Amino acid sequence: MMIEAEIERAGLQVQRDGHPSTGLSRPDFYDWEAQIPRLGDLASTRGVLVYLGGNDAQAFRLREGEYPAGAPESRRWIQFRDEARWSEAYRQRVHRFVDALCQAGAPKVVMIPPIDGEDPRHGERIRRIQRLQVEGPRGTRCGVVADPSEVELGPELAGDGVHLNRAGARAVWAHIGPVILGAIQRVGQ
């Protein structure tokens, strides 16, 4: 919500499109890439901000066409612990998703990797997602990354060890806000 408020404070209109507990790992639950056509022509926008993935550190569901025809159900999934295969599949999915938004007309797609506190049970998993969301947009037509991973989040910014409090959100915005605004304010000028 802070990202939205800050962008509006910069004089830009925001239209939010979200679906709770979704990301890119589970298109069987909600397929973001399949939703792009319903957004229409994105050429009239300044850009699209993508903030998802906090729940993506789980088994990866392959779409039809991503696995061999007739593959058993067990071959239609990649377990998170299979780090090499999972990471490559996720990186490719991020790349395809960003490029599909570009192809739909978005002049800029700003990928914002999820930012969470340093809870030891969650931290390493989220760092993998962050790294892959930084790498995924490389080489796309219009993708850029606003990477929050360098923000140090101690207990004063993420009291429960995972979720940001208001001070934590402000600290993250101070780091990524200039990248986001720089990318979308230059469009069309």
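Above this note sits the structure.
Let me sum up the structure you'll find in this document.

Conventions and cut-offs
Per chain, residues are indexed from 1 in the order of the written sequence. Since the coordinates come from a predicted model, pLDDT governs what is reported: local features require at least 70, and pairs of side-chain atoms require 80 or more to be given and counted, while whole-chain, interface and lining totals use all residues. Here the side-chain values reflect all heavy atoms present in the structure, with hydrogen atoms and water set aside. Helix numbering and strand numbering both begin at the N terminus, where a helix is a DSSP run of H or I of at least 4 residues and a strand a DSSP run of E of at least 2. Our radius of gyration looks at C-alpha atoms and nothing else; its globule reference is 2.2 Å times the residue count to the power 0.38. For every residue, the accessible area (1.4 Å probe, protein chains only) is compared with the maximum for its type, and the residue is labelled buried under 20%, exposed over 50%, or partly exposed between those bounds. In what follows, residue pairs with any heavy atoms lying within 4.5 Å of each other are defined as contacts. Exposure was quantified through the Shrake-Rupley algorithm and a 1.4 Å probe, taking into account, for residues, occlusion by the shown protein chains and nothing else. In this tally, Asp and Glu contribute negative charge and Lys and Arg positive charge; neither His nor the terminal groups of the chain are included. A charge is said to be at NZ when it belongs to Lys, at CZ for Arg, at CG for Asp and at CD for Glu. To count as a disulfide, a pair of cysteine sulfur atoms needs to be within 2.5 Å. Buried residues of nine kinds, namely Ala, Val, Leu, Ile, Met, Phe, Trp, Tyr and Cys, make up a nonpolar core once their side-chain atoms join them within 4.5 Å. Here a polar contact means two N or O atoms within 3.5 Å. Within protein one must be a hydrogen donor candidate and the other an acceptor candidate, and residues neighboring in sequence count only if both atoms are side-chain atoms.

So, the overall build of the chain
- Helix and strand content of the chain: 5 helices and 5 strands.
- The C-alpha atoms of the chain give 17 Å as radius of gyration, which agrees with the globular expectation for 189 residues (16 Å, within 12%).
- Counting every position in the chain, which comprises 189 residues, the buried fraction comes to 46%.
- In the chain, the proportion of contacts linking residues at least 24 apart, taken out of those at least 6 apart, comes to 71%.
- When the accessible surface of the chain is split by element, carbon and sulfur atoms take 50% of a total near 10,200 Å².
- Separation between the mean location of the 25 positive side-chain charges and that of the 26 negative ones in the chain comes to 2 Å.

Section: the state of the cysteines
- One pass over the full model with this rule turns up 1 disulfide.
- What pairs with C102 in a disulfide is C142, and their sulfur atoms sit 2.0 Å apart. Taking the sign of the S-S torsion, -100° for the link of C102 and C142, the bridge is left-handed. You can see C102 sitting in helix α3 (residues 83-103) and its partner C142 sitting in the loop between α4 (123-135) and β5 (143-145), a full 40 residues away along the chain.

Brief notes about the nonpolar core
- Judged by nonpolar contacts, the single largest core of 31 residues is most densely connected at V50, W86, Y90, L101 and V109.
- Elements represented by at least two residues in this core include exactly β1 (48-50), α3, β4 (109-111) and α4.
- With 9 residues, the single largest contributor to this core is α3.
- In contact with V109, other than residues within four places in its own chain, are V48, V50, V98, L101, C102, C142, G143 and V144.
- With 17 residues, the next largest nonpolar core counts I7, V151, L153 and I176 among its residues.

Some thoughts on the side chain of S25
- Along the polypeptide, S25 turns up in the loop between α1 (2-9) and α2 (32-35).
- Within the local environment of S25, its side chain forms a polar contact with the backbone oxygen of D56, the two atoms lying 2.7 Å apart.
- With sequence-adjacent residues up to four places away left out, S25 is seen in contact with D56, Q58, A59, F60, R61, W86, Y90 and R93.

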